[in-house]
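# Structural characterization, general
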Amino acid sequence: MRAYQLERFDVPPRMVEVPKPVVSEGDILVRVLAASVNPVDLAIASGNARSWLDYRFPVTLGRDLSGRVEATGAGVAGFAVGDRVFGFIADHEAHAGSFAEYVSLPEGAFVVQAPANVDDVHAAALGLAGLTATMCIDAANIGSSSWLLVNGATGGVGSYVVQIARNLGAHVVASARTGAEELYVRSLGADVAIDWSASDFVEAARASRPEGFDALVDVVTADPDAFAAMARTILTSDGAAVSTLGAGDPGRLGRLHGTNIWSSPDVSRLRAIAHLAQEGHIQAPVRATYDFAAIEAAFEAVRAGTTGKVAVTLG
Ligand SMILES: NC(=O)c1ccc[n+]([C@@H]2O[C@H](COP(=O)([O-])OP(=O)(O)OC[C@H]3O[C@@H](n4cnc5c(N)ncnc54)[C@H](OP(=O)(O)O)[C@@H]3O)[C@@H](O)[C@H]2O)c1
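So, here's what we can say about the structure.

## Here we look at the sheet that holds strand β14 (residues 235-243)
Across the sheet, which stays open at both edges, the six strands sit in the order β12-β11-β10-β13-β14-β15 with parallel pairing between neighbours. The open sheet has two edge strands with one neighbour each: β12 (192-194) and β15 (257-260). Across the sheet, the axes of successive neighbouring strands diverge by a mean angle of 15 degrees, strand direction being ignored. In terms of strand pairing, strand β10 (residues 147-151) meets strand β13 (residues 213-218) through four bridges, oriented parallel. Its bridge partner being in β13, Leu149 is matched across the sheet by Leu216. Lying on the sheet, helix α4 (residues 156-167) is in contact with β10, β11 (171-175) and β13; it crosses β10 at an angle near 170 degrees. Sheet strands touched by helix α5 (residues 180-188): β11 and β12. Its angle to β12, the strand with the most contacts, is close to 145 degrees.

See below:
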């Protein structure tokens, strides 16, 4: 089978032919039909993830996937051959990822049944970003009258945060450049868009809601000082500040509720995402799709910046 692998640090990943995995007891063998590329895949491919993630070479890259169960190992009870599945793989080490035609996975860890009305390409874009978004929404304690500011709303995680918050009835102010990006975040349900490239984003956000926001979800700001300054400027005194980049520092945030999100596969959350998609409350924002043979172009698209998600087809 084909797999997109990193063979060692300091060389680019490449497409290789490797043996199809053997399904073991308790595992399911998934024929991967689609995947999506996340910023973490670029970090793993470049070796930049080595400070926080163990690598076991050769590393088959990739986290998100959708596919079909091709075989089940002894003792597997929750899946049958032919089941459509989606989810994301995040093991304790980078080794057997989703950018491969087949992957063998432990039952009950990384994938769940795919929603019937979502095709393989869109299902492949639900896992990592969708799960992270649900964690952000919960940490931000979003309810029907909440005012939420989303910084990085145009990307994978932000696109889901906007949709889920809107579905809960919250008021959403989203970062987006004027033009196509603004139309995009409005199509997701944002009430207001702020062009972060043309103005002081924090001041413009404050002007859009002088009474203060109940919550900030920020997937862009890595600097804890900048994150705390933004949170103090735009949140109400008991607001919640949520970061996917580890920027939330309690010492700097004072009385504000700060949460750093570190996502990991969780089948109950994946089922909740499947339900949201099944009910039409969220749509996977796939904006570009590449054939597996052109996966380097998919990486480049993510590196260059794109709204929504970039998918890869392997079927
Ligand atoms: N901690 C965790 O568990 C976890 C989980 C998922 C993701 N993450 C991290 O969270 C970040 C977001 O993930 P993602 O998948 O949503 O990435 P993404 O799809 O690349 O989205 C980031 C979005 O932010 C936009 N952006 C860039 N600079 C901005 C700025 N100064 N102000 C406002 N928007 C800006 C980007 O626009 P352009 O494309 O035009 O640059 C892009 O649309 C990544 O760094 C990722 O590694 C962490």
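## Remarks on the site of the ligand
With respect to spatial proximity, 22 residues lie near the ligand, and among them Thr154, Val157, Arg177, Ile261 and Ser263 are the closest. Between the ligand and the protein, one listed contact pairs an oxygen atom with a side-chain N or O atom of Thr154 at 2.7 Å. Take Gly155: an N or O atom from its main chain is 3.3 Å from an oxygen atom of the ligand. Here the ligand, which alone exposes 910 Å², has 76% of that area covered by the protein. In this structure, the ligand is accommodated by the largest pocket. A breakdown of the residues in the shell around the ligand according to their chemical character gives nine nonpolar, 11 polar and two charged. Summarising the domain contributions, the shell around the ligand has at least three residues from each of domain 1 (2-126 + 284-313) and domain 2 (129-260).

Criteria and thresholds
Residues numbered from 1 in each chain as written. Predicted model: local features only at pLDDT ≥ 70, side-chain atom pairs only at ≥ 80, totals over all residues. Heavy atoms only, no water. Pairing = 2+ DSSP bridges. Helix = DSSP H or I, 4+ residues; strand = E, 2+ residues; numbered from the N terminus. Axes fitted to C-alpha atoms, helices over the stretch in contact; angles between N-to-C directions. Contact = heavy atoms within 4.5 Å. Near = heavy atom within 4 Å. Polar contact = N/O pair within 3.5 Å; in protein donor to acceptor, adjacent residues only side chain to side chain. Areas by Shrake-Rupley, 256 points an atom, 1.4 Å probe, with all protein chains shown as cover. 1 Å grid on protein atoms, 1.4 Å probe; cavity = no way out; pocket = protein on both sides within 12 Å on 5 of 7 lines; lining within 4 Å. Sits in = over half its atoms within 2 Å of the grid points. Nonpolar A, V, L, I, M, F, W, Y, C, P; charged D, E, K, R; others polar. Domains from an automatic or database assignment.

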